[in-house]
Structure formats: structure tokens, C-alpha cells
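Chain and residue survey
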Amino acid sequence: AFADLHSHCGQSPDGMGERDHALFWARDMVHLDVWASTDHDEAQHEPFLDWEYELARRFVDLFDAPDFTTYMGFEWSNHEDEYQGEIIGHRATFSSRKCYRYTDPAYDELSEYYAAMRAEDAIGIPHHLGKFGGTSFLAFDPVVQPVTEVTSAHRQYEDIHVSKLRGHGVRFGATAAGDDHLATPGGKGVAGIFYDTRLPSRREAIKQALR
């Protein structure tokens, strides 16, 4: 399956365009198999409110079909705080029924974020390895964070990824995504995902494949 699991629209303060445009674009223009909506949990002091997230989740779920898998999610966007001297960083999160904002004291630490995402059976993909001070690999959860986005609209960061793996003693995979902010996913980075077609749900099969 070809997937873009990191995509923005005008819901993000630094984005443009409508979510429905992103959906139709992903499905009908670039013919993606899998797409995730991951607008910022909070950016520029504009939170992704609970009621906005719930409406978006219901809308995105309407498009889910056997040949086009959709996930609702958010980008946990903590590039302000540090963990043991490293910037915590951003994580494109999908398959969550709720938006967990990094500005909430209950979810502003990696351990809290990981615990919440495990309860949701969600996946969070770190990225921005070469921006905003990078992202910390010191705290790691293989279930929530099985892969890292190493190429996107923000260039390629395989070398930083490899140095992080060696320096922190963790092992997980590399993937690509677009991080498009114009409601036009699938043009700046796509992941190829091999998954088990025998499983009854492609949503679950994609997550299993990433893990």
C-alpha cells in the first residue's frame, strides 16, 4: 500500500485548504491507498479543540473503504520542552479518537504521551530530525513509535536518523511522508507499506505492518 501518514490542511495555523480537499486529492488525484489527517494539536497558540477533532474524526471515518484506508490523527508538536537535554520533538500521530495536546500538563511529557497512545492503540511517528532542534530518542516506546520519518517536504535526514540509532541504542524502522500543508497529500513523500492481506481490517493491518 502507498501511504501518506503526515498531512495538514487549514485546521493547522500554518496550513491552507480544506480537509475534504485533502481527502479527495489523496484518493482521486494521486490515488493513495492510505492517508492520515495529522493537523497540529496546538500551534501559534491555536489549539485543535475537542469538538473540532471529533467532527473531523467522524468525517474522515466516512471515507474509510476497503480500497482507501483513512485515519484521523494529530501532530503532537512539542519543540519547546526538553528531555534529558534533548528537544522532545514532534510526532505525527494517527488512529486516535482524541487529540492529546502537548500544552496539557497531563500529556506534555513523552512518558505521558506514550501511555495515552498505548491506550488508544495509536501510532506516533517522530520527524523534523533536522529542524527545531530535532527530536529525542532517549525515551522510546516500540509500540507507539515503531518507525521514524526520515524524508519529507523538509528534506532527507537519514544520516541523523542513523546517528540517533547508534547513539541511543534503539532499533526501529524508517519511513517517508509528505508533511504537506496545502491539503494536497501524496506529492512530497510517500511510504510503501507491505501488509498482511489476510487480516480482516486494513486499518489494523497497516499498524501491524509498521510495528
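Structure's up top.
Here the structure is a predicted model, which means the values were calculated and not measured.

Taking 1.5 Å of rise per residue, the 13 residues of helix α2 (residues 50–62) would be expected to cover 18 Å, and the 19 Å separating its terminal C-alpha atoms lies within 8% of that figure. Residues of α2 that are buried make contact with α1 (19–29), β2 (34–40) and β5 (69–83).

As for its placement among the helices and strands, serine 37 is situated in strand β2. Excluding residues within four positions of it along the chain, serine 37 makes contact with Ser7, Arg19, Val60, Tyr71, Met72, Gly73 and Phe74.

Our next topic: unusual backbone geometry. Its identity as a non-glycine residue notwithstanding, glutamine 44 has a phi of 55°, on the positive side. Its place among the elements puts glutamine 44 in the loop between β3 (42–43) and β4 (46–47).

Turning our attention to the packing of aromatic side chains. Enumeration over the complete set of coordinates arrives at eleven aromatic pairs. Measuring from centroid to centroid gives 5.4 Å for phenylalanine 48 and tyrosine 53, while their planes differ by 70°, and the two rings are edge-to-face. Take phenylalanine 48 and tyrosine 53: they sit in the same class, and that class is buried. On the numbers, 5.8 Å between centres and 50° between planes, the contact of tyrosine 113 with tyrosine 114 is tilted. Here tyrosine 113 matches tyrosine 114 in class, with each residue buried. Among the aromatic side chains, those forming a connected cluster through ring pairs are Phe48, Tyr53, Phe74, Tyr100 and Tyr107.

On to the sheet that holds strand β7 (residues 123–126). Pairing is mixed in the open sheet, where six strands are placed in the order β7-β6-β5-β2-β1-β11. The outermost strands of the open sheet, each flanked by one partner alone, are β7 and β11 (191–192). In this sheet, β11 lies alongside strand β1 (residues 2–4) in antiparallel orientation, the contact comprising two bridges. Residue phenylalanine 2 lies in a different strand from β11, and its bridge partner there is glycine 192. Sitting on the sheet, α2 is in contact with β2 and β5, with an inclination near 140° to β5.

Residues Leu49, Trp51 and Leu55 make up a contiguous nonpolar surface patch of roughly 330 Å² in combined accessible area. Note that leucine 55 resides in helix α2.

Attention now goes to the side chain of histidine 40. Position of histidine 40 among the secondary structure elements: in strand β2. On the basis of relative accessibility, which here comes to 6%, the residue histidine 40 falls in the buried class. A polar side-chain atom of histidine 40 sits 2.9 Å from a polar atom in the side chain of serine 77. Leaving out residues up to four positions away in the same chain, histidine 40 has contacts with His8, Ser12, Asp14, Phe48, Glu75, Ser77, His90 and His181.

Turning next to the nonpolar core. Note that soluble globular proteins tend to have their nonpolar side chains buried in a common cluster. Trp35, Phe74, Trp76 and Met117 are the most contacted members of the largest nonpolar core, which has 29 residues in total. At the level of elements, α1, α2, β5 and α3 (110–120) are the ones that each hand at least two residues to this core. It is α3 that provides the largest number of residues to this core, a total of five residues. Grouped together as the second largest cluster of nonpolar side chains are 13 residues, Val34, Ile123, Val147 and Ile193 included.

What counts as what
- Residues numbered from 1 in each chain as written.
- Predicted model: local features only at pLDDT ≥ 70, side-chain atom pairs only at ≥ 80, totals over all residues.
- Heavy atoms only, no water.
- Helix = DSSP H or I, 4+ residues; strand = E, 2+ residues; numbered from the N terminus.
- Expected span 1.5 Å × (residues − 1).
- Contact = heavy atoms within 4.5 Å.
- Phe/Tyr/Trp six-rings, centres within 6.5 Å; stacked < 30°, edge-to-face > 60°.
- Buried < 20%, exposed > 50% of the residue type's maximum accessible area, 1.4 Å probe, protein only.
- Pairing = 2+ DSSP bridges.
- Axes fitted to C-alpha atoms, helices over the stretch in contact; angles between N-to-C directions.
- Patch = residues over 30% accessible without salt bridge, like charges linked within 9 Å, V, L, I, M, F, W, Y side chains within 5 Å.
- Areas by Shrake-Rupley, 256 points an atom, 1.4 Å probe, with all protein chains shown as cover.
- Salt bridge = Lys/Arg side-chain N within 4 Å of Asp/Glu carboxyl O.
- Polar contact = N/O pair within 3.5 Å; in protein donor to acceptor, adjacent residues only side chain to side chain.
- Core = buried A, V, L, I, M, F, W, Y, C linked by side-chain atoms within 4.5 Å.

Everything listed here is a matter of geometry and, on its own, says nothing about what the molecule does.
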